[in-house]
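Topology and contacts: notes
Listed below, chain by chain, are the residues.
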Amino acid sequence: MTNTDQAEMLDLDAEVLAEHTAAITAWLPVAAPPRRIVDLGAGTGAGTFALLTHFPTAEVIAVDASTEHLARLWEKALAAGVDDRVRTVVADLDDAWPDLDRPDLVWASASLHHMADPVRTLRQVHSVLAPGGLLAVVELAGLPRFLPALDGLEDRCHAASHHRHASHVPHRGADWGPMLVDAGFRVDGQRTITVHIEQSRSPAVGRYALTTLRRLRTAVADIISADDLAALDELLADDNLLRRDDLAVHTERTVWAAVRS
Ligand SMILES: C[S@@+](CC[C@H](N)C(=O)[O-])C[C@H]1O[C@@H](n2cnc3c(N)ncnc32)[C@H](O)[C@@H]1O
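To start, this report covers the structure provided alongside it.

1. Notes on the site of the ligand
By nearness alone, 18 residues border the ligand, and Gly 41, Asp 64, Asp 92, Leu 93 and Ser 109 come closest of all. Within the side chain of Asp 64, one N or O atom sits 2.6 Å away from an oxygen atom of the ligand. Contact between the ligand and Ala 65: a nitrogen atom at 3.2 Å from a main-chain N or O atom of the residue. Bound to the protein, the ligand loses 88% of the 590 Å² it would expose on its own.

See below:
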């Protein structure tokens, strides 16, 4: 999957799940409205813009290894007229960290499981946060599902992807509570948001399904059966998915709220 494909998927994820992301920002147990926020692994800004909306006096530093994602985020900040409240920083968080200006809230959504050593990253977050500051870890167990049962094809592709990711990305779907405690945090809350959008005719859901299933295909093409690969290719061909009116979105997000005590 190219950076552009991932960016498109992240934008669609942000659009389709906007109200759920807003619900998570509203749930965060902050002692006072944060003034300095860091969005770690910000991507194209799903969290950055939700946080700017929910905390209207805050500034956000969006950090990501991808120059392309951050350029997209910056274009959106300009278009929304919030560029005076956003700073983008290109950095590989597995290497030396940039100066992050003692944030009182760090938000890390679907990014920590990509880090080479997530507990080391959590310790780094602990050391940059202001005393009493909050880390919000938002993670998902896997990619969303879109299709009706359909002969179990989507289930089999997810099972194959899960098997592959178990060795490549072992912390995806992990319980972050014990790791947060190991890194010195006090976990003040945990919440799972379950998303079920049924029989959607929204064009965004169709495009979200298409980009996500394309990504799934890339992950599993060489390990699923020839019949399943042919069925998946048929689904992805000729905008077939975009014409369907029976797509759903089923996914889950879990958030851990951890305080630097
Ligand atoms: C699944 S995306 C999530 C993006 C965004 N937080 C969201 O919720 O839409 C993961 C992001 O983490 C970034 N990332 C992965 N490894 C990284 C690293 N070592 N340093 C900085 N960013 C990283 C990727 O470039 C990508 O933008």
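Still to come is the rest of the account.
2. Observations regarding the packing of helix α6 (residues 153-168) against helix α9 (residues 226-236)
Where α6 contacts α9, the two axes come as close as 11 Å, and the packing angle between them is 115 degrees. Taken together, the axes of α6 and α9 are roughly perpendicular relative to one another. As for the relative orientation of α6 and α9, their crossing is left-handed in sense. Together, Leu 153, Arg 156 and Cys 157 of α6 and Asp 228, Ala 231, Leu 232 and Leu 235 of α9 make up the contact between the two elements.

3. With respect to the packing of helix α2 (residues 18-27) against helix α3 (residues 46-54)
For the pair α2 and α3, interaxial distance at closest approach is 9 Å and the crossing angle is 55 degrees. Considering the angle they form, α2 stands oblique to α3. Handedness of the crossing formed by α2 with α3: right-handed. Across from Thr 21, Thr 25 and Ala 26 in α2, the residues of α3 making contact are Ala 46, Ala 50, Leu 51 and His 54. Partitioning the contact of α2 with α3 into residue classes produces four nonpolar, three polar and no charged.

4. So, the nonpolar core
If you look at the biggest cluster of nonpolar residues, it comprises 53 residues, and the most contacted ones within it are Leu 28 and Leu 241. For this core, the element with the highest residue contribution is helix α8 (residues 203-220), accounting for nine residues. When near neighbours in sequence (up to four residues on either side) are disregarded, Leu 241 contacts Leu 147, Ala 209, Leu 210, Leu 213, Leu 235, Leu 236 and Leu 247. Ranked by size, the runner-up nonpolar core spans 27 residues in total, among them Val 38, Leu 40, Leu 100 and Trp 256.

5. With respect to the sheet that holds strand β6 (residues 186-200)
Two modes of strand pairing occur in sheets, parallel and antiparallel, and in both the strands are linked by backbone hydrogen bonds. In space, the seven strands of this open sheet follow the order β3-β2-β1-β4-β5-β7-β6, with mixed pairing throughout. Looking at strand neighbours, the two that pair on one side only are β3 (86-90) and β6, the edges of this open sheet. Taking the axes of each pair of neighbouring strands and ignoring which way they run, one obtains an average angle of 15 degrees across the sheet. Of the strand pairs in this sheet, strand β2 (residues 59-64) and β3 are connected by five bridges, and their pairing is parallel. Among the inter-strand pairings, Val 63 is bridged to a residue of β3, identified as Val 89.

6. Here's the deal with the environment of Pro 178
By the secondary structure assignment, Pro 178 is in helix α7 (residues 176-182). Separated by 59 residues in sequence, Pro 178 and Val 119 have C-alpha atoms that sit 9.9 Å apart.

7. Things to note about helix α1 (residues 3-16)
If you check α1, its first and last C-alpha atoms are 20 Å apart, about what 14 residues at 1.5 Å a residue would give, namely 20 Å. Restricting attention to buried positions, one finds in α1 the residues Ala 7, Met 9, Asp 11, Leu 12, Asp 13 and Val 16. Lining the buried residues of α1 we find α2, α4 (67-80), β6, α8 and β7 (247-259).

8. A closer look at the pairing of β7
Among the 13 residues of β7, eleven are classified as buried, and the element is accordingly described as predominantly covered. In terms of strand pairing, strand β5 (residues 134-139) meets β7 through six bridges, oriented antiparallel. Paired with Ala 136 across the strands is Ala 257, a residue of β7.

9. A word on a negative patch on the surface
Together, Glu 59, Asp 84, Asp 99 and Asp 101 make up a negatively charged patch on the protein surface. Checked against the element boundaries, Asp 84 lands in the loop between α4 and β3.

10. Some remarks on α8
Between its first and last C-alpha atoms α8 spans 26 Å; for 18 residues at 1.5 Å apiece the expected length is 26 Å, and the two agree. Looking at α8, one finds that the buried residues are Ala 204, Val 205, Gly 206, Tyr 208, Ala 209, Leu 210, Thr 211, Thr 212, Leu 213, Leu 216, Ala 219 and Val 220. Packed against the buried residues of α8 are α1, α6, β6, α9 and β7. The N-terminus of α8 is capped by Ser 202, whose side-chain oxygen sits 3.1 Å from the backbone nitrogen of Ala 204.

11. Observations regarding the environment of Pro 29
Here Pro 29 shows up in the loop between α2 and β1 (36-40). In this structure, the C-alpha to C-alpha distance between Pro 29 and Leu 134, residues 105 residues apart in sequence, is 8.2 Å. Leave out the neighbours within four places in its chain, and Pro 29 touches Leu 134 and Ala 257.

Conventions and cut-offs
Residues numbered from 1 in each chain as written. Predicted model: local features only at pLDDT ≥ 70, side-chain atom pairs only at ≥ 80, totals over all residues. Heavy atoms only, no water. Near = heavy atom within 4 Å. Polar contact = N/O pair within 3.5 Å; in protein donor to acceptor, adjacent residues only side chain to side chain. Areas by Shrake-Rupley, 256 points an atom, 1.4 Å probe, with all protein chains shown as cover. Axes fitted to C-alpha atoms, helices over the stretch in contact; angles between N-to-C directions. Helix = DSSP H or I, 4+ residues; strand = E, 2+ residues; numbered from the N terminus. Parallel < 35°, antiparallel > 145°, perpendicular 65-115°, else oblique. Left-handed = near helix turned anticlockwise from the far one by under 90°. Contact = heavy atoms within 4.5 Å. Nonpolar A, V, L, I, M, F, W, Y, C, P; charged D, E, K, R; others polar. Core = buried A, V, L, I, M, F, W, Y, C linked by side-chain atoms within 4.5 Å. Buried < 20%, exposed > 50% of the residue type's maximum accessible area, 1.4 Å probe, protein only. Pairing = 2+ DSSP bridges. Expected span 1.5 Å × (residues − 1). Patch = residues over 30% accessible without salt bridge, like charges linked within 9 Å, V, L, I, M, F, W, Y side chains within 5 Å. Salt bridge = Lys/Arg side-chain N within 4 Å of Asp/Glu carboxyl O. Lys, Arg positive; Asp, Glu negative; His and termini not counted. Charge placed at Lys NZ, Arg CZ, Asp CG, Glu CD.

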